[in-house]
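Now for the letters of each chain:
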Amino acid sequence: MSGTDLSHAVGAAPDSDPGRAAVASAYQRFEPRAYLRNNYAPPRGDLSGPDGVGPWKLRCLAQTFATGEVSGRTLMDIGSGPTIYQLLSACAHFEDITMTDFLEVNRQELGRWLRDEPGAFDWSVYSQHVCLIEGKGESCQEKECQLRARVKRILPIDVHQPQPLGAGSLAPLPADALVSAFCLEAVSPDLASFQRALDHITTLLRPGGHLLLIGALEESWYLAGEARLAVVPVREEEVREALVRSGYEVRDLRTYIMPSHLRTGVDDVKGIFFAWAQKKVGV
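Rules used in this analysis
- Residues numbered from 1 in each chain as written.
- Predicted model: local features only at pLDDT ≥ 70, side-chain atom pairs only at ≥ 80, totals over all residues.
- Heavy atoms only, no water.
- Phe/Tyr/Trp six-rings, centres within 6.5 Å; stacked < 30°, edge-to-face > 60°.
- Lys NZ or Arg CZ within 6 Å of the ring centre and 35° of its normal.
- Helix = DSSP H or I, 4+ residues; strand = E, 2+ residues; numbered from the N terminus.
- Buried < 20%, exposed > 50% of the residue type's maximum accessible area, 1.4 Å probe, protein only.
- Polar contact = N/O pair within 3.5 Å; in protein donor to acceptor, adjacent residues only side chain to side chain.
- Contact = heavy atoms within 4.5 Å.

## Concerning the packing of aromatic side chains
Right, on to step 1. The full count for this structure, using the stated rule, is 13 aromatic pairs.
Right, on to step 2. Cluster of aromatic residues (ring-pair linked, three or more members): Tyr27, Phe30, Tyr35, Tyr40, Tyr85, Phe121, Trp123, Tyr126 and Tyr222.
Right, on to step 3. One residue, Arg148, lies across the ring of Trp113, its end atom 3.9 Å from the ring centre.
Right, on to step 4. Over the ring of Trp221 we find Arg228; its NZ or CZ atom is 4.1 Å from the centre of that ring.

Given below as structure tokens:
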């Protein structure tokens with residue numbers, strides 16, 4: 001995290017909110033490559049079996065985009081982290097994609113992949129799997145080329161601010177759709193903070209627009225190198241209630257229970273949720 005990021009973090013979490021200050025401090029030690037190894041390399045990154053967590057997430061996204069209902073010109077990925085898999089099905093449906101993250105190190109990691117630089121994390125297994133389940137006859141190279149072409153910018157974001165992108169953002173707003181994976185619960189010290197963060201990102205979405213939200217269920221911590229990050233444990237019903245409070249109609253909500261062989265000691269996650277929600281008009 002750069003000095004700019006650190007001052008932003010401290011500014012975003014005043015003394016009156018020590019929980020958020022602690023979150024900001026812990027994320028100074030976040031290591032993108034360690035996080036990627038823990039979650040997107042085998043065993044969790046093994047996509048060969050249909051019952052793994054990776055295939056489940058990719059299937060949820062592909063099936064939702066296949067409905068044709070989640071489409072438009074602009075899409076924003078909230079808290080991208082160092083990952084791109086969450087946009088592999090989305091990129092066929094939106095021509096202008098904005099990726100965002102609080103940490104400069106994650107934005108740098110994304111930039112390496114988008115520029116196809118040597119040493120960038122290899123997402124080709126994920127791209128191949130998405131092409132397989134979508135069944136359009138695309139190659140993984142074509143899929144990745146399309147995603148690289150449609151991501152127009154990578155911006156800083158702070159979901160705890162009423163204006164998460166700050167004033168004068170370069171992103172076209174409001175977006176037609178939002179995607180967010182493993183962000184809100186991972187940066188919120190409690191359920192109330194999770195709700196406020198959801199409210200804040202909802203301001204970036206047009207009325208009638210869609211939110212696809214993926215997150216951890218009943219997780220209280222995870223590792224990213226030397227960083228041990230606290231997570232607010234949420235249950236499926238709490239996610240549903242938070243979406244309704246933020247003005248959404250919940251279109252789909254699914255749960256994946258983490259099998260024992262994928263509980264590898266890098267976190268205490270019990271499961272994963274996938275939510276498809278539509279922002280009500282007038283909200």
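## Digging into the side chain of Arg44
Right, on to step 1. Along the polypeptide, Arg44 turns up in the loop between helix H3 (32–40) and helix H4 (53–66).
Right, on to step 2. For Arg44, a relative accessible area of 4% gives the class buried.
Right, on to step 3. A distance of 3.0 Å separates polar atoms of two side chains, one belonging to Arg44 and the other to Asn39.
Right, on to step 4. Not counting residues within four places of it along the chain, the set of residues in contact with Arg44 comprises Asn38, Asn39, Val53, Gly54, Tyr126, Met258, Leu262, Arg263, Thr264, Val266, Asp267 and Val269.

## A closer look at unusual backbone geometry
Right, on to step 1. In this structure, Pro43 follows Pro42 across a cis peptide bond, with omega equal to 10°.
Right, on to step 2. Tracing the backbone through its elements, the reader meets Pro43 in the loop between H3 and H4.
Right, on to step 3. Looking along the chain, the bond that leaves Leu173 and enters Pro174 is cis, with omega of -5°.
Right, on to step 4. Relative to the helices and strands, Pro174 resides in the loop between strand S3 (151–156) and strand S4 (175–181).
Right, on to step 5. Its identity is not glycine, yet Asp116 carries a phi of approximately 60°, on the positive side.
Right, on to step 6. Tracing the backbone through its elements, the reader meets Asp116 in the loop between helix H5 (104–114) and helix H6 (124–134).
Right, on to step 7. Of note in the backbone geometry, Glu218 takes a positive phi value of approximately 50° without being a glycine.
Right, on to step 8. You can call Glu218 partly exposed: its relative accessible area is 41%.

These values are about where atoms sit, not about what they do.
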